[in-house]
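Next come the chains, spelled out residue by residue.
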Amino acid sequence: MYSHKKIYFTKMLDKLNDLRNKDEIFILAIETSCDETSAAVVKNGRFVLSNKVASQIELHKIYGGVVPEVASRKHVETINPLIDQALLESKLTFEQLDGIAVTYGPGLVGALLVGVSTAKALAYALSLPLIGVNHIEGHISANYIAYPELSPPFLCLVVSGGHTLIVWVKGYCDYQILGQTRDDAAGEAYDKVARVLGLGYPGGAALDLAAKNGKKTEIRFPRAYIDDDNFDFSFSGLKTSVVNYVNQLNQKGLYVDVENIAYNFQKAVVDVLKVKTIKALQKVGTDKLALSGGVAANSAWRSEMSIEAQRLGFKLYIPPIELCTDNAAMIASAAYYNLLAGNISDLSLNAIPQNTLLTL
Ligand code: KG4
Ligand code: ZN
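Residue indices begin from 1 for each chain and proceed along its sequence in written order. Numbering of ligands from 1 and lettering of chains from A proceed in the order in which they are written. Only residues with pLDDT of at least 70 get local features here, since the model is predicted, and only at 80 or more are side-chain atom pairs given and counted; chain-wide, interface and lining totals rely on the full set of residues. To obtain the side-chain values, all non-hydrogen atoms of the structure were used and water was disregarded.

## What to know about the side chain of H139
- Under the DSSP-based scheme used, a helix requires at least four consecutive residues in state H or I and a strand at least two consecutive residues in state E, with every element numbered from the N terminus. Relative to the helices and strands, H139 resides in helix α5 (residues 135–146).
- The buried category is assigned to H139, whose relative accessible area is 1%.
- In protein, a polar contact requires one atom able to donate a hydrogen and another able to accept it; more generally it is a pair of N or O atoms within 3.5 Å, and residues adjacent in sequence count only if both atoms are side-chain atoms. Reaching out from H139, the side chain makes a polar contact with the side chain of D326 at a distance of 3.0 Å.
- Not counting residues up to four positions away in its chain, the partners in contact with H139 are V158, H163, S292, G293, C324, T325, D326 and M330. Remark: exposure states derive from per-residue accessible area (1.4 Å probe, protein chains only) relative to the maximum for the residue type, with buried under 20%, exposed over 50%, and partly exposed in between. Contact criterion: two residues are considered in contact whenever any of their non-hydrogen atoms come within 4.5 Å of each other.

So, in structure tokens, the structure goes:
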């Protein structure tokens, strides 16, 4: 480490003790892992003073998916004005902040680097601790904002466009991943199936809507690992099965009943998620289940779990949609608990694109 970086980090370690004695800790967080640029200011990990999100969906729509290079360039354009807006809305100045947090992975490497470089520059210039946050830890922490009374231990299902994991949250910053997808994330399958059904991109919400009127005839799509004695998922076979089914109908010139196919696809996804979640709740012996990630917006997934919560007597936590999808407030929340635990980063913090167990 160069000496100026060493001096900075030693100063930050000293600062940690003062911070732990403060009643109010304000963290500015940055999130640029995929196609949303976001900046937020959060007090004590729970109270959102501002949470600005600039979505790039319109930009990527014409390509039918996120184009990494386009995403990085847009983050570069957006990030600084967005930080200014987040600070303005929080009614704080840079001098009143106590830490700078940033998502360092998993995600798209070029996109992550925009956030990481910006956060490092701010932390160094303002002489504030830098807190690198795992994106999945952020999704879990969205629940701390939505439910100020929630504390670990609890089980959390993180289901989004990039991730599908069952996490046992043993304590703040203390996780055990019980299982995760071996191939596609559930949201990724939603988006691919929605595309082949002509529902646009990203099509999760449109598919959800189409499925509401779709209970007509049963189409038996695969439910991978549903009876297996593990907590892993696989959605790639299901996705391919639906795509092949639609292609065959098209080739034969037969009617494609979008609503019915959407319903049966969604049923297969929710069945697997539900069975694995209930098994995991029983294994860890908790009565608290939290959902997070973009797919937590799904009406079937929410209502099935609400029914199960009533039936089995567990408490269900589901953040509002704007906290389920990518946002920087959830990163600030995770950062607060990491800061208290002394988990701060030095200026060699780098983007880590892979979804590795070691980084959570
Ligand atoms: O958490 P998120 O914003 O980004 C990632 O971290 O991946 O999740 C986006 C994903 C997309 O795949 C989108 O189609 C899906 O969440 N999604 C839904 C619904 N709303 C968003 N999937 C199913 N039903 C929905 N209502
Ligand atoms: Zn995410």
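## Points about the coordination of the zinc ion (ligand 2)
- Coordinating donors are taken to be N, O and S atoms lying within 2.8 Å of the metal, or within 3.2 Å when the metal is Na, K or Ca; because water is excluded from the atom set, some sites may appear incomplete. Distances from the zinc ion (ligand 2) to its protein donors, H135 (NE2), H139 (NE2) and D326 (OD), fall at 2.0 to 2.1 Å.
- Key to geometry: four donors with every angle between 85 and 135 degrees are tetrahedral; four donors are square planar and six octahedral where opposite donors lie over 155 degrees apart and all remaining angles lie between 65 and 115; all other sites are irregular. In this structure, the zinc ion (ligand 2) is coordinated by four donor atoms arranged in tetrahedral fashion, with angles at the metal of 94 to 132°.
- Coordination of the zinc ion (ligand 2) draws on donor residues from a single chain, spaced H-x3-H-x186-D in sequence. Highlighted residues: H139 in helix α5 and D326 in the loop between α11 (321–324) and α12 (329–340), separated in sequence by 187 residues.

## Comments concerning the pairing of strand β7 (residues 164–171)
- Counting buried residues along β7, seven of its eight residues qualify, which places the element largely inside the surrounding structure.
- Two strands are counted as paired when DSSP detects at least two bridges linking them. Remark: four residues form the turn of the hairpin made by strand β6 (residues 154–159) and β7, two consecutive strands paired antiparallel.
- Bridge count between β7 and strand β8 (residues 174–180): six bridges; the pairing is antiparallel. Bridged to V169 within β8 is Y175.
- Linkage of β7 to β8, two consecutive antiparallel strands, is achieved through a turn of two residues, within which C173 is found at a positive phi near 60°.

## Let's talk about the site of ligand 1
- Being near a molecule or strand, for a residue, comes down to having at least one heavy atom within 4 Å of it. Taken together, 19 residues sit near ligand 1, with G161, G162, D191, G294 and N298 positioned nearest.
- For ligand 1, an oxygen atom lies 3.5 Å from a polar atom in the side chain of H139.
- The backbone of G204 places a nitrogen or oxygen atom 3.1 Å from an oxygen atom of ligand 1.
- In isolation ligand 1 exposes 560 Å². Once the protein is present, 87% of that is buried.
- When residues of the shell around ligand 1 are traced back to their parent elements, those giving at least two are α5, α6 (186–196) and α7 (204–211).
- For the shell around ligand 1, the residue count by class is five nonpolar, 11 polar and three charged.
- Source of the domain bounds: an automatic or database domain assignment. Mapping the shell around ligand 1 onto the domain boundaries places at least three of its residues in each of domain 1 (4–143 + 325–340) and domain 2 (152–320). Here the Shrake-Rupley method, with its probe set to 1.4 Å, supplies the accessible areas, and only the displayed protein chains count as covering residues. Basically, the charged four are Asp, Glu, Lys and Arg, the nonpolar ten are Ala, Val, Leu, Ile, Met, Phe, Trp, Tyr, Cys and Pro, and anything else, Gly included, counts as polar.

## Describing the packing of α6 against helix α8 (residues 236–251)
- Helix axes use the C-alpha atoms of the stretch in contact, all axes being lines fitted to C-alpha atoms, and the angles between their N-to-C directions lie in the range 0 to 180 degrees. Two elements in contact, α6 and α8, have axes whose closest approach is 10 Å; the angle formed by their N-to-C orientations is 5°. Comparing their axes, α8 and α6 come out roughly parallel. In this structure, α6 uses A189, K192, V193 and V196 to contact α8, whose residues at the interface are K239, V242, V243, V246 and N247.
- A per-class count over the contact of α6 with α8 returns six nonpolar, one polar and two charged. Angular relationships are summarised with four words: roughly parallel below 35 degrees, roughly antiparallel beyond 145, roughly perpendicular across 65 to 115, and oblique for the angles in between.

## Brief notes about the domain arrangement of the protein chain
- Here the protein chain is partitioned into domain 1 (4–143 + 325–340) and domain 2 (152–320).
- Taking only C-alpha atoms into account, the centre of domain 1 sits 29 Å from that of domain 2.
- Listed by partner, the interface residues are 18 residues for domain 1 and 21 residues for domain 2.
- Contact with domain 2 buries area across many residues of domain 1, yet H139, I140 and N143 alone supply 36% of it, more than any other trio.
- Salt bridge, as used here, is a side-chain nitrogen of Lys or Arg placed within 4 Å of a carboxyl oxygen of Asp or Glu. Inspection of the domain 1/domain 2 interface yields zero salt bridges.
- Connecting domain 1 to domain 2 are five residue pairs in polar contact (both at pLDDT 80 or more). Computed with a 1.4 Å rolling probe, the buried area is the accessible surface lost when two parts are put together, summed over both parts.

## Re unusual backbone geometry
- The peptide bond linking P152 to P153 adopts the cis configuration, its omega dihedral lying at 5°.
- Examined against the element boundaries, P153 turns out to sit in the loop between α5 and β6.
- Cis geometry is adopted by the peptide bond preceding P202, which originates at Y201 and carries an omega value of -15°.
- Within the element layout of this structure, P202 appears in the loop between α6 and α7.
- Its identity is not glycine, yet N44 carries a phi of approximately 50°, on the positive side.
- With respect to the helices and strands, the residue N44 is situated in the loop between β2 (36–43) and β3 (47–55).
- Look at N44 and you get buried, because its relative accessible area is 16%.
- Phi is positive for S127, close to 55°, though the residue is something other than glycine.
- For S127, the position within the fold is in the loop between α4 (109–126) and β5 (130–134).

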